[in-house]
Amino acid sequence: MRRFSPQMICLYVTGAEWTYTGEHGVDQWAKDFPSYCSGQSQSPIDLEASQVTYDSDLQPFTFSNFDNTNGITWTLLNNGHAAQVSIGSGTMQVSGGSLGGTYQVAQFHFHWGSDSTKGSEHTVNGLAYPMELHIVCFNTKYGNLGDSLANPDALAVLGFFFE
Ligand SMILES: [Zn+2]
């Protein structure tokens, strides 16, 4: 039985050729990007209800400063895979769950499809949602997103499905 954590590690490869299907599709990610995509917490995940168990040890997430946008520089970018908003300097942080530390929001981006039957990166019981928001956070013990990436506890990505 597979056990999933709310701390999902998102594929974080930019400026490279990758897709969800075809020559550079999901089945090739571990080969194409071995340092990012050959781990045990790899996106995309199909959350199969019959394979999920409740973990009573999990604590609620704590969100700090998500309602304080003063002084934040926002940069909207079409990165070729998603619409991404980078946050130049901010104090939005999340902890709790099974994170084991405090994570600072670096960017958020959306995955969506050409119609409402597809678009989310992850699926539930094999079914996709029309859109998925990913809030990408880095572990504050590493100082910034770039310095954190080589570490297995570098990123926490909060994923939200849209209906
Ligand atoms: Zn994403």
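Preceding this section is the structure that the text describes.
Residue positions are given per chain, counting from 1 as you read along its sequence in written order. The predicted nature of this model means local features are confined to residues of pLDDT at least 70 and side-chain atom pairs, given and counted, to a pLDDT of 80 or more, with totals for whole chains, interfaces and linings taken over all residues. As a rule here, side-chain values come from all non-hydrogen atoms in the structure, and water together with hydrogens is ignored.

Asks: If you had to explain the side chain of Gln84 to someone new, which residues and values would you point to?
Replies: Only DSSP runs of H or I with at least four residues qualify as helices, and only runs of E with at least two residues qualify as strands; both kinds are numbered from the N terminus onward. Looking at where Gln84 falls in the secondary structure, it is placed in strand S4 (residues 83-87). For every residue, the accessible area (1.4 Å probe, protein chains only) is compared with the maximum for its type, and the residue is labelled buried under 20%, exposed over 50%, or partly exposed between those bounds. According to the relative accessible area criterion, Gln84 is buried, its value standing at 8%. For the purposes of these results, a polar contact is taken to be a pair of N or O atoms within 3.5 Å, where, inside protein, one atom must be able to donate a hydrogen and its partner to accept one; residues adjacent in sequence count only when each atom of the pair is a side-chain atom. Within the structure, Gln84 has its side chain in polar contact with the side chain of Gln107 (distance 3.5 Å).

Asks: Got a sec to walk through the sheet that holds strand S8 (residues 127-128)? Specific residues and values, please.
Replies: With mixed pairing, three strands are arranged side by side in an open sheet as S1-S7-S8. Both edges of this open sheet fall to strand S1 (46-47) and S8, since each of them pairs with a single strand only. Whether two strands pair comes down to DSSP finding at least two bridges between them. Pairing between S1 and strand S7 (residues 123-124): two bridges, direction parallel. Each bridged residue has a counterpart across the sheet, and for Leu47 the counterpart in S7 is Val124.

Asks: If you had to explain the packing of aromatic side chains to someone new, which residues and values would you point to?
Replies: Note on aromatic pairs: the rings of Phe, Tyr and Trp (six-membered ring only in Trp) are paired at centre separations within 6.5 Å, and the planes decide the class, stacked below 30 degrees, edge-to-face beyond 60, tilted for the rest. Per the counting criterion, the structure on display carries six aromatic pairs. Aromatic side chains Trp74 and Phe108 sit 6.3 Å apart centroid to centroid with 70° between the ring planes, which places their arrangement in the edge-to-face category. Of this pair, Trp74 sits in strand S3 (residues 74-78) while Phe108 sits in strand S6 (residues 103-112), and the two are 34 residues apart along the sequence. Exposure remark for Trp74: the relative accessible area of 39% places this residue in the partly exposed category.

Asks: Tell me about the nonpolar core, residues and numbers included.
Replies: Put simply, a nonpolar core is a bunch of buried Ala, Val, Leu, Ile, Met, Phe, Trp, Tyr and Cys residues held in one set by side-chain atoms that sit within 4.5 Å of each other. Core analysis: the largest hydrophobic core is formed by 14 residues, its most contacted members being Ile87, Val94, Tyr103, Val105, Phe108, Ile135 and Cys137. By definition in these notes, contact holds between two residues if any of their heavy atoms fall within 4.5 Å. Once residues within four sequence positions are removed from consideration, Val105 is found in contact with Phe66, Ile87, Met92, Ile135, Val136 and Cys137. If you look at the next biggest cluster of nonpolar residues, it comprises seven residues, including Ala106, Val136, Leu155 and Val157.

Asks: Explain the coordination of the zinc ion residue by residue, including any values.
Replies: Each protein donor to the zinc ion is listed here as His109 (NE2), His111 (NE2) and His134 (ND1); together their distances run 2.1 Å. Linear spacing of the donor residues for the zinc ion on their chain is H-x1-H-x22-H. Only nitrogen, oxygen and sulfur atoms within 2.8 Å of the metal, or 3.2 Å for Na, K and Ca, are treated as donors, and water is left out, so sites may look incomplete.

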